[in-house]
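Spelled out from the first residue to the last, the chains are:
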Amino acid sequence: MSELRRTVLYDRHVAGGGKIVDFAGWEMPLQYAGGIVAEHLATRKRAGLFDVSHMGRFVFTGKGATRFLQHVLTNNAEALDVGQAQYTMIPNPAGGAVDDAYLYRFVEGEYLLVVNAANRQKDRDHFAEHLAGFDNVEMADKSEDVAMISLQGPLAGEILTGVIDSGTLPEPMRNELGAVVINGVEARIARTGYTGEPVCFELFIESKAAPAIWDLLIERGAEPVGLGARDTLRLEAAMPLYGHELGLDPDGRGIPIFSCPLARFAVSLSPLKGDFIGIEALTRQHEAFKRILADDYSLIADLPRRIVPVAVAGRGVARPPAKVFVGKKHVGFVTSGTAVPCWEVEGEGLAGRITDEKAMRSVCLAMLDSDLREGDRLEIEIRGRMTEAVIVPFHLRSEAPPFARAILFDHSLAVHEGPRHRGPAKARDLLEKTLENTIWRQRECINLIPSEQTASPMTRLLSVMDPAFRYAEHKPLKAFYDADVFYYQGTGFIEVVESLLEDELREFLGCEAVETRAVSGQMANAIVFSAMVDYINRADRKVQPRRLGCVMNNHIIRGGHLSSQPMGALRDFVAHDPRTERPAVVNFPVLPENPYKIDVPACRELLGRYRPELIIFGKSVVLHPEPVAEIRAFVDEMGVNTVIMYDMAHVLGLVGPNFQEPFADGADIVTGSTHKTFFGTQRGIVASNYAEADERYHLWEAVQRRTFPGSVSNHHLGTLVGLLMAAYEMNHFKDEYQPKVIANAKALAGALKRCGMDVAGDADVGYTQTHQVIVHVGYSRGPEFARRLEDNNIIVNYQAAPNEEGFTAAGSLRLGVAEMTRFGMAEGDFETVAQFIADVVINDKSVKAEVKSFRGGFTDLGFCFAGDEFDGIMEKLHGLI
Amino acid sequence: MVPAELRYTKSHEWAKMDGGTVTVGITAFAAEQLGDVVFLELPAVGESVKAETPFGVVESVKAAVDLNCPVGGEIVESNENLTGNLELLGKDPFGSAWMIKVKTAGDADFKNLMSAEEYEKFLEEEGEH
């Protein structure tokens, strides 16, 4: 007994009622008084606190450290920037795991590797043996000097924020790192964990300071969790445990690393990584893995079995090493399994409420023949009896923070009931529902979605006239001195409309050329990206075109729109950085005091280092003009060969001296949707300032080609006519409309602030310089308040702030004033709107009747042409429908 | 303290004689050791059981444990209420969380069991290991 080791928090565990057991030579709490089930559930609903100081912590330093780690680990250590962590394996030459581990790069010149407690000595010996072949690398075992505490669960962020003296949490993405001061000492914090919780932190603290910080976290509401629930939580998250899913199988054979689904992210076969232990075996496993995914089992001998989540459908608990059968055939065995609890959910989707009722379910991980598939039915032998089970894709999902969501294998969504009518009754039903919806949104709701706008009666009517049913494909031919050639007859009217629209938009934007055929803002962006790829490959038409080498943009969590992200329209056009093995995107740094504003001086260094081929300004959460002129000056001065693109979707209708003149500031290309602050029908445009004599005019020609035939055949001619009317309206009324929108946004922001709401942005400029206002309503409560506002006829969208983990955890509301400004609301009216919002959000009052009656006073759309002179022709047009 | 009127096994079952029928359950110590019980399997009425052999299984999150029958005989009742209300094992192990009733031929098996006093001493000794 005396040989057992204790962590620096041992006394806390005993005092907290921990049931102490021997775990890998450590006296650790298996559970506390509440028990495993209660601790599991507390982590899933609130926040669990784990002492994981028993794990091994090695620090590698020296110039040769990266090279060494590349040799003894499977992941790509070189890919880690300072401030990032990665999951990795410690491979053996046969492609099995000596251990699995997490590699952290908190600071320059130092790597921290965390390994399993049970393998600490083995891993150290393994590394020591291989160190002999490397120069300039030192390994130090810091397991005793540094304590490690894990804080996991929906409340973890709030609890941690509450104890921080200075510094901020790492950015809200998995594997991000940072450092803060807690209780006067430095705590290094990683967004990592072993529970599947989307809000997850691991803290590294000097050992002697750990107990006081442990106490502080408990005071703030963290609940201690023992090793028992740590295991059930990781099992539910289908995370491997060495000795079960990694290492040796029950027959004593090595488990190939690629048997673990996580191997895809933990093994790098990048040529830049070079040779490493097990590379040959892992390359073979990877090849087999790829074929197996494609239902090709020709290489199955290299990866005979894979570890998959299995739900037990019958009664009983499947524990390792229970045998698994399909019919009479023995297909594998359970590697981990027990019954785990979950919270019952009432309702579906985002509106689902996590109740106080718990349920138990029997789940396991099993190592099964590689030709088995999700959904396959199995039988597990439990005490001599066969129990039904099924292969499932997962037991838990983490993509809807702040909660990890249990996924039950036999759950199905409620079926949406369609109309029960037939034939004409069905048609009448649709007409009635549309009427109802249109009256509600047009007459009874205060519409504050900043990306929406009601078009004028003329614009709307024009959009459904004859051109709505036509085609007008056309392209310029050099053979005809770039005269446009139309493919179909009967298109003379459209040719004129398109040309007039280009003229109006050129005048509005102050630029040389406009492409109007994109049917959405996202398509407009994709056209530019595709054109850039075409353009940069113009000298080399016989090889696979290369993608954009590096793109600089606004990160999606700081307001960047998905159309400019690798997850969105940029995906197929940006290269993978061979070093990081991720899309070659670098984000604008933002000001610490105002995350809605780009940190211009900090951009300079990044521009010099990355020399992006494309710089994309513009956001969907936009409170300020973008620093186009400043960045233009930097790139010109440094000679960065780049294209500056500004996606003005949100602020297109504000272009001008009241907000920003993108081309005067130095943008090369402007894109945008035409229906947010602009008056249009729902379309997209691309504009540029390249003159025909410029070399870059080739890029503009590529934009035209990638529009047609690259992106559209039919370019929705009805709304094109409507957009021309909208452009006439905009050019005619903008001097009056634009200052009103901005003044109204400031009035709404100021009034919300006076009502006691937490308004984002810079108070010195009235919180906003656009049509948007951002209000914080409390972490993860955005969806709930947005729903309550909708119940009161106020339509807004919930918005994740830059420090939140995702849109389901959104704690803000995004409001826009453009549409209601167009319906005649002025500054004083927006003060009334602010009061309505505060009544719903702060006072939990019902204001539906008041909102409906108030909106009734603003049903005539302004900033558009009207009057007797148009009545006759409008009537004739109506009559033709 | 364990109920004085019951008799006990080394695997922490208790037994209560009532005429020719023995009621069987697990002790508070066993329930506490198991932690959160998630599954219980009891024999059907009419099955026969032998002394010191398994009659069922209780599973917690942590482990599966055999339930050993203190006496031999025939199952005359199985506590169906308990299988759906496993939390009773923690709340009332010596009462409503009884598991089976066994009709036994004599009292030889029963007499072999530990008395309350002996079981408490046994628990103390176990604790020292």
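Residues numbered from 1 in each chain as written. Chains lettered and ligands numbered in written order. Predicted model: local features only at pLDDT ≥ 70, side-chain atom pairs only at ≥ 80, totals over all residues. Heavy atoms only, no water.

Counting secondary structure elements, chain A contains 23 helices and 41 strands. The C-alpha atoms of chain A give 31 Å as radius of gyration, which agrees with the globular expectation for 881 residues (29 Å, within 12%). When the backbone C-alpha atoms are referred to their principal axes, chain A occupies close to 100 × 65 × 60 Å. The 881 residues of chain A split such that 56% are buried. When contacts within chain A are restricted to residue pairs at least 6 apart in sequence, long-range pairs at least 24 apart make up 69% of them. With the model as given, the accessible surface of chain A reaches about 37100 Å², and the carbon-plus-sulfur share is 52%. Distance between charge centroids for chain A: 5 Å, based on 92 positive and 118 negative side chains. (Helix = DSSP H or I, 4+ residues; strand = E, 2+ residues; numbered from the N terminus. Rg over C-alpha atoms; globule rule 2.2 N^0.38 Å. Buried < 20%, exposed > 50% of the residue type's maximum accessible area, 1.4 Å probe, protein only. Contact = heavy atoms within 4.5 Å. Areas by Shrake-Rupley, 256 points an atom, 1.4 Å probe, with all protein chains shown as cover. Lys, Arg positive; Asp, Glu negative; His and termini not counted. Charge placed at Lys NZ, Arg CZ, Asp CG, Glu CD.)

Time to look at the overall build of chain B. When you go through chain B residue by residue, the secondary structure sums to 5 helices and 9 strands. Taken from the N to the C terminus, the helices and strands of chain B come in the order β-β-β-α-β-β-β-β-β-α-α-β-α-α. Taken over C-alpha atoms, the radius of gyration comes to 14 Å for chain B, in line with the 14 Å a tight globule of 129 residues would show. For chain B, buried positions account for 45% of its 129 residues. Within chain B, contacts between residues at least 6 apart in sequence are counted, and of these 61% link residues at least 24 apart. Taking the average location of the 10 positive side-chain charges in chain B and that of its 24 negative ones, the two points are 5 Å from each other.

All names here are of chain A. For the coordinates displayed, the defined rule picks out 60 salt bridges over all chains. Its salt-bridge partner being Arg 558, residue Glu 171 comes within 2.6 Å of it at the nearest N-O pair. Of this pair, Glu 171 sits in the loop between strand E10 (164-166) and strand E11 (177-182) while Arg 558 sits in the loop between strand E27 (551-553) and strand E28 (576-577); the two residues are 387 residues apart in sequence, bridging distant segments of the chain. Its relative accessible area of 31% is what places Glu 171 among the partly exposed residues. Across the pair Arg 353 and Glu 346 runs a salt bridge whose closest N-O atoms are separated by 3.3 Å. (Salt bridge = Lys/Arg side-chain N within 4 Å of Asp/Glu carboxyl O.)

The partner chain B presents 14 residues to the 16 residues of chain A that form the contact. Both faces combined, the contact of chain A with chain B buries some 1300 Å², and carbon together with sulfur accounts for 49% of it. When the buried surface of chain A facing chain B is broken down by residue, Lys19(A), Arg319(A) and Arg383(A) rank first, second and third, together holding 40% of it. Residue Arg383(A) pairs with Glu41(B) through a salt bridge whose shortest N-O separation is 3.5 Å. Across the contact surface, chain A and chain B share 12 residue pairs in polar contact (both at pLDDT 80 or more). At the level of elements, strand E2 (26-31), helix H2 (36-45) and strand E17 (329-346) of chain A are the ones that each hand at least two residues to the side of chain A that touches chain B. Looking at side-chain class alone, the side of chain A that touches chain B contains 6 nonpolar, 5 polar and 5 charged residues. (Buried area = accessible area lost by both parts, 1.4 Å probe. Polar contact = N/O pair within 3.5 Å; in protein donor to acceptor, adjacent residues only side chain to side chain. Nonpolar A, V, L, I, M, F, W, Y, C, P; charged D, E, K, R; others polar.)

What follows concerns the sheet that holds strand E7 (residues 110-115) of chain A. Residues and elements named next belong to chain A. Within the open sheet, the 5 strands sit side by side as E5-E6-E7-E4-E8. Their pairing is antiparallel. Unpaired on one side and paired on the other, strand E5 (84-91) and strand E8 (138-141) mark the two borders of the sheet. Taking each pair of neighbouring strands and ignoring which way they run, the sheet shows an average axis angle of 25 degrees. Taken together, the 8 bridges between E5 and strand E6 (residues 97-107) define a ladder with antiparallel strand orientation. Its bridge partner being in E6, Thr 88 is matched across the sheet by Ala 101. (Pairing = 2+ DSSP bridges. Axes fitted to C-alpha atoms, helices over the stretch in contact; angles between N-to-C directions.)

Quick look at the pairing of strand E36 (residues 684-688) of chain A now. Residue and element names in this part refer to chain A. Of all 5 residues in E36, 5 are buried; the element is thus mostly enclosed. Of the pairings in the sheet, the one linking strand E26 (residues 513-515) to E36 comprises 3 bridges and is antiparallel in character. Across the sheet, Glu 515 pairs through a bridge with Val 686, a residue of E36.

Residue and element names in this part refer to chain B. Strand order in this open sheet of 3 strands is E4-E6-E7, and the pairing throughout is antiparallel. Strands at the two margins of the open sheet, each flanked by one partner only, are strand E4 (37-41) and strand E7 (64-68). Adjacent strand axes in the sheet meet at a mean angle of 25 degrees, parallel and antiparallel pairs treated alike. Direction of pairing for E4 relative to strand E6 (residues 54-60): antiparallel, over a ladder of 4 bridges. Looking across to E6, one finds that Leu 40 is bridged to Val 58.

Segmentation of chain A into domains returns domain 1 (1-53 + 143-233), domain 2 (59-128 + 238-302), domain 3 (304-410), domain 4 (467-727) and domain 5 (735-855). One C-alpha centre belongs to domain 1 of chain A, the other to domain 4 of chain A; they are set 48 Å apart. (Domains from an automatic or database assignment.)

This part takes up unusual backbone geometry. Residue and element names in this part refer to chain A. Across the junction of Pro 401 and Pro 402, the peptide omega takes the value 10 degrees, indicating a cis bond. Positionally, Pro 402 belongs in the loop between strand E21 (396-397) and strand E22 (405-406). Here Phe 708 and Pro 709 are connected by a cis peptide whose omega angle stands at 5 degrees. Mapped onto the elements of the fold, Pro 709 is located in the loop between helix H17 (697-707) and helix H18 (717-754). A positive phi angle, close to 50 degrees, is found at Ala 24, a residue other than glycine. Structurally, the position occupied by Ala 24 is in the loop between strand E1 (19-23) and E2. Residue classification places Ala 24 among the partly exposed residues on the basis of a relative accessible area of 35%. At Ala 238, a residue that is not glycine, the phi angle is positive and equals roughly 60 degrees. Within the secondary structure, Ala 238 is located in the loop between helix H7 (227-236) and helix H8 (263-266).

Turning our eyes to something else, we now look at a nonpolar patch on the surface. Judged by side-chain polarity, Tyr471(A), Tyr487(A) and Tyr488(A) come together as a nonpolar surface patch covering roughly 310 Å² of accessible area. For Tyr488(A), the location among the structural elements is in the loop between strand E25 (483-486) and helix H12 (492-509). (Patch = residues over 30% accessible without salt bridge, like charges linked within 9 Å, V, L, I, M, F, W, Y side chains within 5 Å.)

The subject of this paragraph is the layout of surface pockets. Over the atoms, a rolled probe matching the size of one water molecule traces out where space is still vacant. Considered as a void within the structure, the second largest pocket measures approximately 1100 Å³ in volume. Together, 42 residues line the second largest pocket, and Val345(A), Ala406(A), Ile407(A), Leu408(A) and His411(A) are the ones closest to its centre. Contributions of two or more residues to the lining of the second largest pocket are made by strand E15 (305-312), E17, strand E18 (353-369) and E22 of chain A together with E4 of chain B. Of the residues in the lining of the second largest pocket, the class split is 25 nonpolar, 9 polar and 8 charged. (1 Å grid on protein atoms, 1.4 Å probe; cavity = no way out; pocket = protein on both sides within 12 Å on 5 of 7 lines; lining within 4 Å. Points joined across faces, edges and corners; volume = space filled by probe spheres on them.)

To continue, consider the nonpolar core. All names here are of chain A. Among the nonpolar cores identified, the biggest contains 101 residues, and Leu 509, Leu 752 and Ile 837 are the most heavily contacted of them. Here this core takes 18 residues from H18, the largest share from any one element. Both domains that meet at this core, namely domain 4 (467-727) and domain 5 (735-855), each give it at least three residues. (Core = buried A, V, L, I, M, F, W, Y, C linked by side-chain atoms within 4.5 Å.)

With that settled, consider the packing of aromatic side chains. Applying the stated criterion across every chain, the model contains 26 aromatic pairs over all chains. Among the aromatic residues, those joined into a cluster by ring pairs are Phe58(A), Phe60(A), Phe68(A), Phe127(A) and Phe134(A). Sitting over the face of the ring of Phe276(A), Lys273(A) holds its NZ or CZ atom 4.5 Å from the ring centroid. Above the ring of Phe110(B), the side-chain terminus of Arg7(B) is found at 5.8 Å from the ring centroid. (Phe/Tyr/Trp six-rings, centres within 6.5 Å; stacked < 30°, edge-to-face > 60°. Lys NZ or Arg CZ within 6 Å of the ring centre and 35° of its normal.)

With that settled, the discussion passes to the environment of Asn92(A). All names here are of chain A. Looking at the secondary structure, you find Asn 92 in the loop between E5 and E6. Looking at Asn 92, the relative accessible area reads 23%, which means it is partly exposed. Taking the C-alpha atoms as reference points, Asn 92 and Thr 74, separated by 18 residues in sequence, lie 9.8 Å from one another. Other than its neighbours up to four places away in sequence, Asn 92 contacts Ala 97, Val 98, Ile 277 and Gly 278.

Right, let's talk about helix H13 (residues 521-536) of chain A for a bit. Given 3.6 residues per turn, any residue in an α-helix points the same way as the ones three and four places further on. Here H13(A) is 16 residues long and its end C-alpha atoms lie 23 Å apart, about the 22 Å a rise of 1.5 Å per residue gives. Across the 16 residues that make up H13(A), a large majority, 14, are buried. (Expected span 1.5 Å × (residues − 1).)

A word on the packing of helix H3 (residues 65-72) of chain A against helix H4 (residues 120-131) of chain A. Each pair of packed helices can be described by the angle between their axes along with the distance between the axes. Residue and element names in this part refer to chain A. Close contact between H3 and H4 brings their axes to 11 Å; oriented N to C, the two are set at 120 degrees. In terms of orientation, H3 lies oblique with respect to H4. Here H3 and H4 pass one another in a crossing that is right-handed. Residue-level contacts link Phe 68, His 71 and Val 72 of H3 to Phe 127, His 130 and Leu 131 of H4. Its residues assigned to classes, the contact of H3 with H4 comprises 4 nonpolar, 2 polar and no charged. (Parallel < 35°, antiparallel > 145°, perpendicular 65-115°, else oblique. Left-handed = near helix turned anticlockwise from the far one by under 90°.)

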